Amino acid sequence: MQNNVIDLIIFLVRRIRIGDKLNEVKLDTLQGYDNSEISAAWSWVLQKHHSGELKGKDQKKVNQPRAHRVLHFAERMMITKEAYGYLLELYDMGLIDTMAMEKIIEQAMLHSAEQITLDKAKEMVVKTIFSNVESSQPKTMFLKGNESIN
């Protein structure tokens, strides 16, 4: 589910970056996703957009240099071009910051014995993005569907 949510987030951010407003996005363009995925992506994008972390095409982030991280030889051997291009796109969109990018590259180098493909990079991005959201939220307990308190 979280991979679908990140795909939806990327879609919505791309729309913002080309100048569309979120209320202009037609729900029929989001076919193939369930309501919970759409809701999760929408609320994540709205939260980031209202906090100023995401900007439209005519707005620039202030005081944030956008230099690209260059992979050294060993990193290029471990991370495919497609996976690195995906990370750069997310970085340019503002979905991941410098620290998140470094964390993902470090994980690829230290915790993986196989080459990082696009699919593996997506998994790593999802873990990074949603672990940051979870760790910044207050710890609360919610009941799930059929649970009750005795």
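Scoring rules and cut-offs
- Residues numbered from 1 in each chain as written.
- Predicted model: local features only at pLDDT ≥ 70, side-chain atom pairs only at ≥ 80, totals over all residues.
- Heavy atoms only, no water.
- Helix = DSSP H or I, 4+ residues; strand = E, 2+ residues; numbered from the N terminus.
- Buried < 20%, exposed > 50% of the residue type's maximum accessible area, 1.4 Å probe, protein only.
- Contact = heavy atoms within 4.5 Å.
- Areas by Shrake-Rupley, 256 points an atom, 1.4 Å probe, with all protein chains shown as cover.
- Salt bridge = Lys/Arg side-chain N within 4 Å of Asp/Glu carboxyl O.
- pLDDT = per-residue confidence, 0-100.
- Expected span 1.5 Å × (residues − 1).

Side note on the overall build of the protein
Move 1: Along the backbone of the protein there are 6 helices and 0 strands.
Move 2: When the helices and strands of the protein are read in sequence order from the N terminus, they spell out α-α-α-α-α-α.
Move 3: Across the 150 residues in the protein, those meeting the buried criterion constitute 33%.
Move 4: By sequence separation, contacts in the protein at least 24 residues apart represent 73% of the contacts at least 6 residues apart.
Move 5: Total accessible area on the protein is roughly 10,000 Å²; 53% of this is exposed by carbon and sulfur atoms.

Thoughts on the pattern of salt bridges
Move 1: Going through the model one piece at a time under the given rule, you end up with 6 salt bridges.
Move 2: Close ionic contact of Arg15 with Asp20 constitutes a salt bridge, the shortest N to O distance being 2.6 Å.
Move 3: Between Glu123 and Lys120 there is a salt bridge whose closest N-O contact spans 4.0 Å. Here Glu123 pairs with Lys120, and both are found in helix 6 (residues 118-136), just 3 residues apart, close to one helical turn.
Move 4: What makes Lys120 partly exposed here is its relative accessible area of 29%.
Move 5: Within the structure, one salt-bridge network assembled from shared partners comprises Arg69, Glu75 and Glu102.

What about the confidence of the model for the protein?
Move 1: Per-chain confidence: the protein averages 79 in pLDDT, with 78% of residues scoring 70 or above.
Move 2: Below a pLDDT of 50 lies the segment residues 134-143, which in the model reaches 5 contacts outside its immediate sequence neighbourhood of four places, other chains included.

Looking at the environment of Val125
Move 1: Structurally, Val125 can be placed in helix 6.
Move 2: Judged by its relative accessible area of 0%, Val125 falls in the buried class.
Move 3: Between the C-alpha atom of Val125 and that of Leu87, which follows or precedes it by 38 residues, the distance is 8.1 Å.
Move 4: Excluding its chain neighbours within four sequence positions, the residues that come into contact with Val125 are Ile6, Tyr86, Leu87, Leu90 and Ile104.

Thoughts on helix 4 (residues 81-93)
Move 1: An ideal rise of 1.5 Å per residue puts 18 Å on 13 residues; helix 4 measures up with 18 Å between its terminal C-alpha atoms.
Move 2: Of all the positions in helix 4, only Ala83, Tyr84, Tyr86, Leu87, Leu88, Leu90, Tyr91 and Met93 are classed as buried.
Move 3: The positive-phi residue at the C-terminal boundary of helix 4 is Gly94, with phi of around 90°.

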